[in-house]
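Structural overview
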Amino acid sequence: MKRRTFLKLAGVTILTSKPLSNRAAPPYRAENRQPEISDLDQYDFVIPRVRFTEQGLRGRGKGPDVWNVRPGGDANLLRELTRVIRCRVKPIRASFDWQPQYAMAGQLNAVVTFDEPDRLREYPFLFMTGENHYQFTAAQKKNLKDYITRGGFLLMDDCVVGSGGDFFYRSSYQLLEDVFGSGSVRRVPREHEIFHNVYDFGSTGLPYLEYVQHRRPHGSAHMHGQNHGARGYFVRDRLAVLLSSVDLHCGWCDSHGVEWGLEGYRKAIQMGINILMYALTH
């Protein structure tokens with residue numbers, strides 16, 4: 001399958017063509033059946049969420065921020081993308097900023113799992129977030145490897161609650177090392193294109209969030225999450241997986257600047273747009 005997407009960026013037409021499968025074309029359907037219309041036949045871009053099983057810590061349950069938390073962040077990013085790039089995005093209905101807490105059935109752009117390899121190939125970009133530990137089965141690991149090596153892009157963003165542990169980040173790091181080999185997760189340098197393609201983050205790299213209403217006793221800002229810097233997995237020179245510990249998604253939820261200020265929202269959205277554009281053009 002090959003998807004062709006035309007986008008307008010600063011007056012320049014960008015054509016992306018992302019083969020994700022070497023399957024033969026499907027057979028002709030009976031005349032009395034309408035061909036199926038996929039999301040990517042109707043829209044230039046969608047944000048599919050990855051559904052996965054999360055695990056609580058020993059002696060306590062799972063944290064509340066699971067795989068389908070805060071669909072308003074996805075909705076805000078898609079809306080902001082259309083203000084920068086001329087494209088059709090699939091809207092996320094009845095969702096804005098922090099509400100609702102969890103996506104209802106059918107509310108997200110799309111939901112996939114790593115148990116369904118054929119469906120994974122429909123999407124060149126996947127988004128995975130949560131705050132808890134998790135593990136993949138052997139079959140899921142194989143499907144993840146196939147998806148990435150065939151040209152897919154995966155954003156893994158730790159949904160850290162306050163200054164809580166980076167459980168999702170650590171599980172994701174270990175998963176990538178298990179799938180692609182020890183030492184395969186590498187630092188993404190600040191010079192990398194993903195920090196410069198639309199908005200310039202050259203001096204900071206991956207931005208992090210600071211609470212505007214919570215200050216330490218000495219007056220310094222209280223940082224949200226844990227900033228390990230950008231990490232990722234590369235297929236030759238293509239960044240195929242971006243692993244974040246800074247909770248960009250929570251930044252996308254805060255369009256009124258209640259938690260991180262309007263500057264924090266702006267930085268998170270701009271980084272999100274950089275990530276989407278990199279995924280679309282590579």
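Residues numbered from 1 in each chain as written. Predicted model: local features only at pLDDT ≥ 70, side-chain atom pairs only at ≥ 80, totals over all residues. Heavy atoms only, no water.

For the chain, the average pLDDT comes to 84, and 79% of its residues sit at 70 or higher. Every residue in residues 1-36 is under pLDDT 50, and counting partners more than four places away or in other chains gives 72 contacts. In the model, residues 216-220 has pLDDT below 50 throughout and makes 4 contacts with residues more than four positions away in sequence or in other chains. (pLDDT = per-residue confidence, 0-100. Contact = heavy atoms within 4.5 Å.)

Under the definition given, this model contains 10 salt bridges. Between Arg-79 and Glu-80 there is a salt bridge; the shortest N-O distance is 3.9 Å. Through salt bridges that share partners, Arg-79, Glu-80 and Arg-83 make up one connected network. (Salt bridge = Lys/Arg side-chain N within 4 Å of Asp/Glu carboxyl O.)

Glancing now at unusual backbone geometry. Residue Pro-100 is bonded to the preceding Gln-99 through a cis peptide linkage, with omega at -10°. Along the chain, Pro-100 falls in the loop between β5 (85-86) and β6 (110-112). Located in the positive-phi region is Ala-94, a residue other than glycine, with phi close to 50°. Take Ala-94: it is sitting in the loop between β5 and β6. (Helix = DSSP H or I, 4+ residues; strand = E, 2+ residues; numbered from the N terminus.)

Formed by 43 residues in total, the largest nonpolar core has its most connected members in Phe-45, Phe-125, Phe-153, Ile-194, Leu-242 and Ile-275. Mapped onto this core, the elements with two or more residues apiece are α2 (71-84), β7 (125-130), β9 (153-158), β14 (238-244), α6 (248-252) and α7 (261-281). The leading source of residues in this core is α7, at 11 residues. Setting aside anything within four residues of it in sequence, one finds Ile-194 in contact with Phe-153, Val-188, Leu-239, Leu-242, Met-271, Asn-274, Ile-275 and Tyr-278. Counting residues in each nonpolar core, the second largest holds 33 residues, with Ala-110, Leu-126, Met-156 and Phe-168 among its members. (Core = buried A, V, L, I, M, F, W, Y, C linked by side-chain atoms within 4.5 Å. Buried < 20%, exposed > 50% of the residue type's maximum accessible area, 1.4 Å probe, protein only.)

This part is about the environment of Asp-166. Here Asp-166 lies in the loop between β9 and α5 (167-180). For the pair formed by Asp-166 and His-228, sequence separation is 62 residues and the distance between their alpha carbons is 9.7 Å. Filtering out sequence-adjacent residues up to four positions away, Asp-166 remains in contact with Asp-158, Gln-226 and His-228.

Turning next to the layout of surface pockets. Taken as a whole, the second largest pocket encloses approximately 250 Å³ of empty space. Forming the walls of the second largest pocket are 17 residues, and the residues nearest its centre are Arg-190, Thr-204, Gly-205, Leu-206 and Asn-227. For the lining of the second largest pocket, the per-class residue count stands at 7 nonpolar, 5 polar and 5 charged. (1 Å grid on protein atoms, 1.4 Å probe; cavity = no way out; pocket = protein on both sides within 12 Å on 5 of 7 lines; lining within 4 Å. Points joined across faces, edges and corners; volume = space filled by probe spheres on them. Nonpolar A, V, L, I, M, F, W, Y, C, P; charged D, E, K, R; others polar.)

The next point concerns the pairing of β9. If a strand is regular, its side chains alternate between the two faces of the sheet. With respect to burial, β9 is a largely interior element, 6 of its 6 residues being buried. Here β9 shows no split at all, with Phe-153, Leu-155 and Asp-157 on one side and Leu-154, Met-156 and Asp-158 on the other all buried. Strand direction decides the pairing type here: β7 and β9, joined by 6 bridges, are parallel. Of the residues in β9, the one forming a bridge with Phe-125 is Phe-153. (Pairing = 2+ DSSP bridges.)

Moving on, we get to α2. For α2, built from 14 residues, the straight-helix expectation of 20 Å at 1.5 Å per residue is met to within 8% by its first-to-last C-alpha distance of 21 Å. Burial of α2 is extensive: 10 of the 14 residues sit out of reach of the surface. The complete set of buried residues in α2 reads Pro-71, Gly-72, Gly-73, Asp-74, Ala-75, Asn-76, Leu-77, Leu-78, Glu-80 and Leu-81. Packed against the buried residues of α2 are β3 (48-50), β5, β7, α6 and α7. (Expected span 1.5 Å × (residues − 1).)

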